[in-house]
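Architecture at a glance
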Amino acid sequence: MRHRVAAGFAALLAGSLLLAGCAAPSDSTGTDAPAAVSTTPLAELATLEDPKAYVGPSTAVLQHSTIEPVAENPVQSLPATVPSFATDGSSTDVTVERADKVVAADLGGNISVTIAGLGFADSLVGVDQSTTLESLADLPRVTSGGHTVNAEAIIDLHPDVVVTDGSVGPRDVIEQLQDVGIQVVFVKNDPSFEGAEELARQVAAIYGSPEVGEQLAERIASEVEAKIAEIAEIAPGTPADKLRIAFVYLRGSAGVYYLFGKESGADQLIEAVGGVDVATDMGWDGMKPMTDEALVKANPDLILVMSHGIESVGGVDGLLEEKPAIAVTTAGEHRRFVDMEDGTVLSFGPRSAEILDALARAIYAPEGQ
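Residues numbered from 1 in each chain as written. Predicted model: local features only at pLDDT ≥ 70, side-chain atom pairs only at ≥ 80, totals over all residues. Heavy atoms only, no water.

**Section: the pairing of strand S14 (residues 302-306)**
Filter applied, for reference: Accessibility here uses a 1.4 Å probe with only protein chains present; expressed as a share of the type maximum, an area under 20% marks a residue as buried, one over 50% as exposed, and anything in between as partly exposed. Numbering of helices and strands starts at the N terminus; helices are DSSP runs of H or I of at least 4 residues and strands are runs of E of at least 2. Strands are labelled as partners when DSSP assigns at least two bridges between them.
In terms of burial, S14 is a largely internal element, five of the five residues being buried. Here S14 shows a buried face lined by Leu 302, Leu 304 and Met 306 and a second buried face lined by Ile 303 and Val 305. Where strand S10 (residues 244-251) meets S14, three bridges bridge the pair, whose relative direction is parallel. Bridge pairing in S14 links Ala 246 to Ile 303. Here S14 runs beside strand S15 (residues 337-340); their pairing, made up of four bridges, is parallel.

Set out below in C-alpha cells:
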C-alpha cells in the first residue's frame, strides 16, 4: 500500500513543482521567515502555553543545509549485485561494476542526500533539481520542469550508474540509458522513517558498502527516536490537549486540494511532532481529494502545507477566501498554518530528525524558533 501511496505522491508533487516553476521557496504565509534559525535546544525554547490558542501562521525552516557523513572514504567491494525494483514492487538483480561516477534522481532529493550521508558525495556527477545541499549546489541538474529527466544531460556526464526510484522520468527514458552502457538501479523510496532507513541500506549496497548503509540506517533511527522524545517534552501530553493537525496539499492554480492520511508520510510526521492526524483519525488512507464536509467534520487546530502550495492560492487570505470551509475550522479561524518547503517536508532521509525539529519549532515556539 505504501509503495502505491509514494507513487501517487510523486505524481502530485511533480505537478506542484512544475506549476511552481521551481522557484526558490518564498514566504508564502505572509510571515517573515527567520533570517537565522535558533540552535537553542527545544527544551529551552519559549514554547506556547496553549498551542491551540495561538493565532497566526509560521514557517518551518531547517537549521542546516549540510549533512555529516557517517564515514569518510568508506570501504567498497565491487562488483555488487543488488535488486532493481519495478513499479509493481517486483525486482530483478543487476550487477554494479563501478560507482565512481553516479547520477542520483528522485522527486524529493532523497537519494542524493542519502549518498552524502553515507560518505559518497564525491562520487556524484549529477543530481535532481530538488537537491538543496550546499555541498552539491554546483553539480549539474538532470531533471527540469515537473521533474522530467533530461537523458542527454545524463549521457553527457558518462556516469557508471544512475540511482533513481521511478518518481522522475518518463521511466522508459531512464531504462533506455542502459542501451548506451549506463547501469540503472531503481530503489524503493517509501515515505516513512523506516523507508529512509531501508533506502540507506539499498543505496549503500549499490556502492558495495553494506556496513556503512547499516550505520546510516541506525543513525537515522536513533536520531528520529531521540527527536521524538525531545518533542514530547514540549508538546501537550494529554490526548485532549494534543493539536489536531491536517496535512493539506494545495495547488490553487489547478484547483487541486488533497488531504493526506494514513501511509502518506504526513501521518508519521504529525504523530512524531505530538499531534493527532485528523485524516487518519477519520479513517482516510493515502491521499484523497479534500471535501468541505470532511474538513469541517475533522476541524483541525492546525494545517500543515507546502510553501509553494499556500503561495499558489494567494497565501492564507487567498486560501480562506477560496475555501470558506477551511475558514470555519479552528485552524482557519486562528489562521494557524505551518508551511515548509515543498521538496523538504516529506523528504524522509538523513535529515528526518532535523525536519521534525523544524516543524516542532514552528508549531510550539513560532515566535522564538
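Read on, since the account is not over.
**So, the sheet that holds strand S4 (residues 102-105)**
Stated precisely, the cut-off is as follows: Helix axes are fitted only over the stretch in contact, all axes being lines through C-alpha atoms; the angle between N-to-C directions runs from 0 to 180 degrees.
What the four strands build is an open sheet, ordered S5-S4-S8-S9; its pairing is parallel. With one partner strand each, in any of the chains shown, strand S5 (124-127) and strand S9 (183-186) form the two edges of the open sheet. Across the sheet, the mean angle from the axis of one strand to that of its neighbour is 20 degrees, orientation sign disregarded. Judged from the three bridges that link them, S4 and S5 form a sheet pairing that is parallel. Paired with Val 102 across the bridge in S5 is Leu 124.

**Comments concerning the packing of aromatic side chains**
As a reminder of what qualifies: We call Phe, Tyr and Trp rings a pair once their centres come within 6.5 Å, taking the six-membered ring for Trp, and we label the pair stacked below 30 degrees between planes, edge-to-face above 60, and tilted otherwise. Distance and angle both matter: a charge sits over a ring if NZ of Lys or CZ of Arg is within 6 Å of the ring centre and within 35 degrees of the ring normal.
Counted according to the given criterion, the structure contains four aromatic pairs. Plain terms: the ring middles of Tyr 249 and Phe 260 are 6.0 Å apart, the flat faces sit at 10 degrees to each other, and that makes the pair stacked. Highlighted residues: Tyr 249 in strand S10 and Phe 260 in strand S11 (residues 256-260), separated in sequence by 11 residues. Summarising the burial analysis for this pair, Tyr 249 and Phe 260 share the class buried. Connected via pairs of aromatic rings, a cluster forms that spans Phe 247, Tyr 249 and Phe 260. Stacked on the ring of Phe 186, the Lys or Arg Arg 171 has its end atom at 3.6 Å from the ring centre. In this structure, Lys 323 packs its charged tip against the face of Tyr 257, placed 4.6 Å from the ring centre.

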